[in-house]
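Listed below, chain by chain, are the residues.
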Amino acid sequence: MTERTTPVIQITGPQARAALRQVTQDRGGCIRPVQLRRINLDTGEVTQILIPCRATLESACPACAKRAQSLRAEQCRDGWHLEDEPHTASSSPDDEQEFWLGLRAHAQVQRDQAANESQDTAELDQLIAEVDDELARTGIRGSLTRNAGSDGNGTPQSTARRSRSTRRRQDTPKLPRRPVTGRTTGKVYSAPDGSRYRPSMFLTLTCDSYGKVRDDGTPADPASYDYQRAARDAIHFAALFDRLIQNLRRYLGYDVQYFAAIEPQRRLAPHAHVAFRGAISRADPRQVIAATYHQVWWPSTEVVRYDGNQLPVWDEASARYVNPQTGELLPTWEQALDNIAQRDQPLHVARYGAKFDAQGVLAGTRDAKRCIQYLTKYLTEQIGRCHRAETDAQADHIARLLDALRYEPCSPTCANWLRHGVTPKNARPGLVPGLCKGKAHRAEHLGYAGRRVLVSRKWSGKTVADHRADRKAWLTAMLDLPATDPAHYRWERVTPADPDAMSPTRRLLHVLADRTRWRNALAEARRRAENSGDLSAMEEAA
Ligand SMILES: [Zn+2]
Ligand SMILES: [Zn+2]
C-alpha cells in the first residue's frame, strides 16, 4: 500500500509514460493500481491509498500476475502432503473483501431495479460479473452470482431435480462405492528401515479424442474432426471434473482433496493437472475415469428454427421472446426442460479420454517442486493464449473450433437458445444468437469459462487471501512497518470523475516511488536477517 508522499512531477509525452511503465513493471510494481480513499472513522482524516490491481494475467499486469502465480504455487505446496487435518473455519472478510462486497451489493440493487423496470441489464450484469471476479481474486470462496437473478458467468448446471438425470448410463462400468469418511489426509507408509513417508499423487486428465491430430495439434483430417463434441466437452469440463471428484471420493472412501489447474493441450482441448492428497494405485484413476460421465439434459439443438433476419423478437408485455411472424410465445427455459421426454437422449454426455497420467510424489522432493511449477506454469496466460498459432493450419484449427463454439449454447442463459425456439433463462431484450456475451464463446477461453485453478475446501485450510495476508504480516514484522487496524477505517473506490482522482501517470509515479522505498527497506532487512531469516520467502514476497 502506498501513501501519497511523492512530489508531483510533470510527465508528458508517450515515451516518458512508456518508460515509467517499464521501470515500474521491472521493479515489480503494479502498472494498473486502483485508487482507494481511506477514511479514518475516529479522526475523519482521508488518505489516498493505491492498491495493486491483482491481475492474474501477464498481459494485464506482469508484476501482479507473477505474484498471483507464486501465491498459487505456495498454496499448492502447502496442502499437497498435509499430515494433519487442516483447520477450515472461515475467517471473517478482510477490508478489501468488505469493499468489493459493498460494491457488489450496490450493483445488485441497481440491476434488480433495472430488471423491474424492464430495462436492459446487460451492462449491470457485466459489472456484477466483473465484481464477482474481483471477489474471487481476493480469495473469497463460492459465488454470489448463481441464483442471484443475473446470468453472470455461472457454470452450466444439469437439472438434477428431474428424475431422468439420475438414471445411470448402461454403457458405463459401475463403480464400487464405499462410505466416505471425513479423513482428508493420505495414508502413511513405513519403509523397511523404519522411516515413514506419505506419498501424494500428480494426475493429468485429458478429454477424449475428436479425431487424429498431428504433432502441431492440428487435425490430420479437419473434415472428420468432431468440433461439436470438442466444443461441448470444453463447455462442460468443470461439471465433469466435479463428477470425477465425487466418484473418486466414493470409490476411495475418504474426502480426497485436490488442487487442479486447467489449461489447453496443443490440440486446444482443455486438460487438468491435478495434485491429489494421498496415494492411490494406477488402477484407481483408470476405473474412476472409465465410470465418470456428465449428462447435459438441455433442450435439443438439432433443429435451427430461427436464423438470419428471422429471429424471435422481444415482447415487452410478457417479458418473453415471440415468433416474429405469428407473435406466438416461445417456451420458457423451464417449459423447454419439461418438454424433454423420458425416451430422449441428453444433449451431450461429457467424458474424459482413456489416456491419463498418474505418478506418486513425495513431499519436499525435486519432483514435487517440478510438478508444482508445471501446475502453475500457464496460469498467467489466458487459455486461448497458451498455444499461439504459428502456422496456417493452426490458425484454421482455432477458427474452426471458434466457429463450432459460436452457436453452441454455453449455459441456460445463452442467447443461442433463441435459434432453437427456446427463451433463454433470465431472458432480457437484445439477445442475438451468435453474439452471446458468455466467456465460453470467446477466443481467449476456447469454450472453458470456469476458473483456472480449482481447489478443494480442505486443501490447505487457507485461501489465496490467507496466504497473501501471511506474507504481508511476515513482511510487516520484518520491515518494522506499522500495522493498520481495519476496524477503524472506511474504504471507498475513487472514480475518475472524483476531484481527488489521481491521473494514471501520477499513480504510476507513486507506485514506483513506493517500490523503490520497498526495495531499499528489503535490502536493509536482508542485511539484518542474513543468517537467521528465510531469504527465499522474502524474495517471493517482494
Ligand atoms: Zn497490477
Ligand atoms: Zn452463450
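Residues numbered from 1 in each chain as written. Chains lettered and ligands numbered in written order. Predicted model: local features only at pLDDT ≥ 70, side-chain atom pairs only at ≥ 80, totals over all residues. Heavy atoms only, no water.

**Student:** Can you tell me about the environment of Leu 379, naming the residues and giving the values?
**Tutor:** Inspection of the secondary structure puts Leu 379 in the loop between helix H9 (366–376) and helix H10 (383–386). Relative accessible area serves as the criterion here: at 10%, Leu 379 is assigned to the buried category. Distance from Leu 379 to Arg 452, taken between C-alpha atoms, is 7.0 Å for residues 73 residues apart in sequence. Excluding its chain neighbours within four sequence positions, the residues that come into contact with Leu 379 are Thr 56, Leu 57, Arg 72, Ala 261, Arg 452 and Val 453. (Helix = DSSP H or I, 4+ residues; strand = E, 2+ residues; numbered from the N terminus. Buried < 20%, exposed > 50% of the residue type's maximum accessible area, 1.4 Å probe, protein only. Contact = heavy atoms within 4.5 Å.)

**Student:** Describe the sheet that holds strand E5 (residues 200–207), with residues and values.
**Tutor:** Hydrogen bonds between backbone groups are what pair the strands of a sheet, and the pairing can be parallel or antiparallel. Read from one edge of the open sheet, five strands run E12-E5-E7-E6-E13, paired in antiparallel fashion. Each edge of the open sheet is held by one strand with a lone partner, namely strand E12 (352–361) and strand E13 (453–455). Direction aside, the axes of adjacent strands within the sheet are offset by 15 degrees on average. Pairing geometry for strand E6 (residues 258–264) and strand E7 (residues 270–276), over seven bridges, is antiparallel. The residue bridging Tyr 258 from the neighbouring strand is Phe 276, located in E7. Here helix H6 (residues 237–252) sits on the sheet and contacts E5, E6, E7, E12 and E13; the angle it forms with E7, its principal contact strand, is near 30 degrees. (Pairing = 2+ DSSP bridges. Axes fitted to C-alpha atoms, helices over the stretch in contact; angles between N-to-C directions.)

**Student:** Would you mind going over the packing of aromatic side chains in detail, with residue names and values included?
**Tutor:** Two numbers describe a pair of aromatic rings. These are the distance of the centres and the angle of the planes. The tally for this structure, following the rule as stated, stands at 13 aromatic pairs. Measuring from ring centre to ring centre gives 6.0 Å for Phe 259 and Trp 459, while their planes differ by 45 degrees; the resulting arrangement is tilted. Of this pair, Phe 259 sits in strand E6 while Trp 459 sits in the loop between E13 and helix H12 (464–478), and the two are 200 residues apart along the sequence. For Trp 459, a relative accessible area of 1% corresponds to the buried category. Between the aromatic rings of Trp 298 and Trp 417, the centroid separation amounts to 5.7 Å while the plane-to-plane angle is 80 degrees, which identifies the pairing as edge-to-face. (Phe/Tyr/Trp six-rings, centres within 6.5 Å; stacked < 30°, edge-to-face > 60°.)

Keep in mind these values describe shape, not function.
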